[in-house]
Amino acid sequence: LGNAYVKEEFRLHQMAKPAEIDIFMKEWRRYLETFRKEPAQVIEQGSFGRDLTDEELMLLSDDQRAQLQRLRQEASGASTPETGGS
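The residue numbering used here restarts from 1 in each chain and proceeds along that chain's sequence as written. Only residues with pLDDT of 70 or above have their local features reported here, since the model is predicted, and side-chain atom pairs are shown and tallied only from 80 upward, although totals for entire chains, interfaces and linings are computed over all residues. Side-chain calculation: all heavy atoms of the structure are included, whereas hydrogens and water are not.

We now examine the pattern of salt bridges. When charged atoms on two side chains of opposite charge get close, those side chains can pair. Here, a salt bridge means any side-chain nitrogen of Lys or Arg that lies within 4 Å of a carboxyl oxygen of Asp or Glu. Going through the model one piece at a time under the given rule, you end up with four salt bridges. Between R30 and E27 there is a salt bridge whose closest N-O contact spans 3.3 Å. One end of the pair, R30, and the other, E27, are both in helix α2 (residues 18-37), three residues apart, so they sit about a helical turn from each other. Among the salt bridges present, the one from D62 reaches R65, with a minimum N-O distance of 3.2 Å. Of this pair, D62 and R65 are both found in helix α5 (residues 62-78), three residues apart, which corresponds to roughly one turn of the helix. The network of salt bridges with common partners includes E27, R30 and E56. Helix and strand definitions here come from DSSP, where helices need a minimum of 4 consecutive H or I residues and strands a minimum of 2 consecutive E residues; each element is numbered from the N-terminal end.

Here the term patch refers to residues with relative accessible area over 30% and no salt bridge, with like charges joined within 9 Å and nonpolar side chains (Val, Leu, Ile, Met, Phe, Trp, Tyr) within 5 Å. All accessible-area figures derive from a Shrake-Rupley calculation using a 1.4 Å probe, and residue coverage is judged against the displayed protein chains alone. Taken together, Y31, L32 and F35 make up a surface patch of nonpolar side chains, about 280 Å² in accessible area. Looking at the element boundaries, Y31 is found in helix α2. For Y31, a relative accessible area of 42% corresponds to the partly exposed category. A simple rule labels every residue: compare its accessible area, found with a 1.4 Å probe on the protein chains alone, to the largest value its type can have, and call it buried under 20%, exposed over 50%, or partly exposed in between.

Another aspect to go through is the side chain of E56. Among the structural elements, E56 can be located in helix α4 (residues 54-59). Definition of a polar contact: a pair of N or O atoms within 3.5 Å, with one able to donate and the other able to accept a hydrogen when the atoms are protein atoms, and with sequence-neighbouring residues admitted only if both atoms are side-chain atoms. At 2.8 Å, the side chain of E56 forms a polar contact with the backbone nitrogen of T53. Those residues within four positions of E56 in sequence are excluded, and the remaining contacts are R30, R50 and D51. Residues count as neighbours in contact if any of their non-hydrogen atoms are within 4.5 Å of one another.

Glancing now at the confidence of the model for the chain. Mean pLDDT over the chain: 77, with 73% of residues reaching 70 or higher. Confidence of the prediction at every residue is given by pLDDT, a number between 0 and 100. When mean pLDDT is taken per element in the chain, α4 scores highest with 90 and helix α3 (residues 39-45) scores lowest with 66. Below a pLDDT of 50 lies the segment residues 80-86, which in the model reaches seven contacts outside its immediate sequence neighbourhood of four places, other chains included.

In this section: the side chain of E9. The topology assignment puts E9 in helix α1 (residues 2-12). The buried charged residue E9 lacks any salt bridge partner; its closest oppositely charged side chain belongs to R70, at an N-O distance of 7.5 Å. The residues touching E9, leaving out its near neighbours within four places in the chain, are F24, W28 and Q67. Neither His nor the chain ends is counted toward charge; the positive residues are Lys and Arg and the negative residues Asp and Glu.

Within 6.5 Å between ring centres, the rings of Phe, Tyr and Trp (the latter by its six-membered ring) count as paired, and their orientation is classed by plane angle as stacked under 30 degrees, edge-to-face over 60, tilted in between. Summed over the entire model, instances satisfying the criterion amount to three aromatic pairs. The interplanar angle of 75° and the centroid separation of 4.9 Å between the aromatic rings of F10 and F24 together place this pair among those described as edge-to-face. Residue F10 is found in helix α1, and its partner F24 is found in helix α2; the two are separated by 14 residues along the sequence. Assessed through its relative accessible area of 9%, F24 is described here as buried. Judged by centre distance (6.1 Å) and plane angle (70°), the ring pair of F24 and W28 falls under edge-to-face.

Encoded structure:
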């Protein structure tokens, strides 16, 4: 899920507007920092990060909301033995 998702996200943003690229890169840097700061939580709990704020959710386009829903489904399916995920 991880590598394929990251590659797809960067591919999709190749033709984005400069302002969108700035936001995209800011969020990926924040994601990376979260991952670097919380390795013990990832190991112990199998998850990390934070929920999006209401304001952040309101700023998402319909496509982004749909993509977020797909990602949630894939991530939850990837972590359950019944689905064959890891």
